[in-house]
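Spelled out, the chains give:
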Amino acid sequence: MQPTVANRQPRTLLFLAFLALASCATVPVGPLPDADGVTREFLYTPFQSDLISKTPDDISQVVQDATSRSYAEIAEHRRTQEIRLDQLAYFFRSADGRAYLLAEGPKAIVRGAPQAQCPVEVSVVGGDNAQASITQALQSCHEDLSALGLQDSCDCRLLAQGTILHAAPATFEYAVDLPVRLFRDGRLDPITYFSRAGSDGSGTRAILVELGDTQLMAVSYSDPGARHAVVTYPDGTQIPAERAPVGYDRGRLRESFTTTQQDGTPLRIIVGP
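The structure presented is a predicted model; accordingly, all values stated were derived computationally and were not measured.

Visitor: Got a minute to help me understand the state of the cysteines in this structure?
Guide: By definition, a disulfide links two cysteine residues through a covalent bond between their sulfur atoms. Considering all chains together, one arrives at 2 disulfides under this definition. One disulfide in the model links Cys118 with Cys154; its S-S distance is 2.0 Å. In this structure, the disulfide formed by Cys118 and Cys154 twists by about -90° around the S-S bond and is classed as left-handed. Taken together, the positions of Cys118 in the loop between β5 (107-113) and β6 (121-125) and Cys154 in the loop between α6 (130-147) and β7 (155-161) put the pair 36 residues apart, joining distant regions of the chain. For the residue pair Cys118 and Cys154, the accessibility class agrees, reading buried in each case. At a sulfur-sulfur separation of 2.1 Å, the disulfide partner of Cys141 is Cys156. Across the disulfide from Cys141 to Cys156, rotation about the S-S bond amounts to roughly -95°, and the bridge is consequently left-handed.

Visitor: Sorry if this is basic, but what is going on with the side chain of Thr80 here?
Guide: Secondary-structure assignment places Thr80 in the loop between α3 (71-76) and β4 (81-84). Taking the relative accessible area as the measure of exposure, Thr80 reaches 15% and is therefore buried. In this view, Thr80 contacts Leu43, Tyr44, Thr45, Ile74 and Ala75; residues no more than four positions away in its chain are not counted.

Visitor: Would you mind showing me how to read unusual backbone geometry here?
Guide: A negative phi holds for most residues other than glycine; trans holds for most peptide bonds. Looking along the chain, the bond that leaves Ala113 and enters Pro114 is cis, with omega of 0°. Along the polypeptide, Pro114 turns up in the loop between β5 and β6. Its identity is not glycine, yet Asp185 carries a phi of approximately 55°, on the positive side. Within the secondary structure layout, Asp185 lies in the loop between β9 (178-184) and β10 (187-188). Non-glycine residue Arg250 carries a positive phi angle of around 50°.

Visitor: Would you take a moment to explain helix α5 (residues 95-102) for this structure?
Guide: Since the α-helix turns once every 3.6 residues, residues separated by three or four places project in the same direction. Every buried residue belonging to α5 is among Asp96, Gly97, Tyr100 and Leu101, and all of these are buried. Looking straight down α5, one finds its buried side chains confined to an arc of 135°; they lie on one side. Elements in contact with the buried residues of α5: β2 (41-44), α4 (90-93), β5, β6, β7 and β12 (205-211).

Visitor: In this structure, what is going on with the nonpolar core? I would like to understand it.
Guide: By size, the foremost hydrophobic cluster in this structure holds 23 residues, and its most contacted members are Leu182, Met217, Val231, Phe257 and Ile269. Counting only elements with at least two residues in this core, the list comes to β9, β12, β13 (214-221), β14 (228-232), β15 (238-249), β16 (252-260) and β17 (266-271). Of all the elements, β13 adds the most residues to this core, at 4 residues. With residues near it in sequence (within four places) discarded, Ile269 still touches Val180, Arg181, Leu182, Met217, Val219, Val231, Glu255, Ser256 and Phe257.

Visitor: Sorry, what's going on with the environment of Ser94 here?
Guide: One can find Ser94 in the loop between α4 and α5. Taking the C-alpha atoms as reference points, Ser94 and Ala197, separated by 103 residues in sequence, lie 8.1 Å from one another. Leave out the neighbours within four places in its chain, and Ser94 touches Ala89 and Tyr174. Among the polar contacts listed, one links the side chain of Ser94 to the backbone oxygen of Tyr90, at a separation of 2.7 Å.

Visitor: I keep staring at the pairing of β9 and nothing clicks. Help me out?
Guide: As defined by bridge partners, β9 adjoins strand β11 (residues 193-199) across 3 bridges and the pair is classed as antiparallel. Each residue of the ladder has a partner; that of Leu178, found in β11, is Ser195. Where β9 meets β17, 5 bridges bridge the pair, whose relative direction is antiparallel. Paired with Phe183 across the bridge in β17 is Arg268. With 2 bridges connecting them, β9 and β10 associate as antiparallel partners. Bridge pairing links Arg184 to Arg187 in β10. Linking β9 to β10, which pair antiparallel, is a turn of 2 residues; within it Asp185 sits at a positive phi near 55°.

Visitor: Help me understand the environment of Asp235 in this model?
Guide: As for its position among the elements, Asp235 is in the loop between β14 and β15. You can call Asp235 exposed: its relative accessible area is 64%. Expressed as a C-alpha distance, the spacing of Asp235 and Met217, which sit 18 residues apart in the sequence, is 9.5 Å. A polar atom in the side chain of Asp235 sits 2.9 Å from the backbone nitrogen of Thr237.

Cut-offs and rules
Residues numbered from 1 in each chain as written. Predicted model: local features only at pLDDT ≥ 70, side-chain atom pairs only at ≥ 80, totals over all residues. Heavy atoms only, no water. Disulfide = S-S within 2.5 Å. Helix = DSSP H or I, 4+ residues; strand = E, 2+ residues; numbered from the N terminus. Buried < 20%, exposed > 50% of the residue type's maximum accessible area, 1.4 Å probe, protein only. Contact = heavy atoms within 4.5 Å. Arc of directions from axis to C-beta. Core = buried A, V, L, I, M, F, W, Y, C linked by side-chain atoms within 4.5 Å. Polar contact = N/O pair within 3.5 Å; in protein donor to acceptor, adjacent residues only side chain to side chain. Pairing = 2+ DSSP bridges.

By themselves, these observations are geometric and do not establish any function.
Here's what the structure looks like:
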């Protein structure tokens, strides 16, 4: 079986589909399907060591450490806890987490570490086995860090494999709304805006900047490692922007965008605290 690597597939932005993408991002995630096969609990063993790969050369050791005990052995451990799905917002509030949750077969999630300054997350689903999924997720993480020039300052941490958590439940928080600051011509807009993240399911992402029920703009880009984005206003006006991913905060990607408005005024959009 050929595994699927999520969160890192570059695509050409389809601007004619912008409204559909925006709708996807603003509509709250509904109830998860009440059907057999949908995970309702994850296993977590407190005080476990972090599973971190510092270079591609140590991936095999991390994989070995992660899979040294079977699911049954972990479940029977006296310290192991069953964590309910409703305590892990990432898996039902974010598009990436929900895709992971509903995917069948071996799967793994890896994030750059420390996450606040390492803006890479990779999900692999559909691998031949747990070892293969973890290996590919870690390899992809190192590749993405290298592409961003962060290979010397960031590591790759295994967060989960299948329904086993290798990071504390708090790691799987998800902030539906992140604050947004706007700098117009270098001056901070005194209003604090908020953003919601969305995806069209095929790689294209959108950040919707809102104030109450009013949508100010949407910023769309092809994948989490993209350096370029497009700002779209409600009237359909589009302007190109430069994008700089920063890191993760409560499951959301902190990032900034720099562009020039149609009247020539420089605009900087900072997503996250």
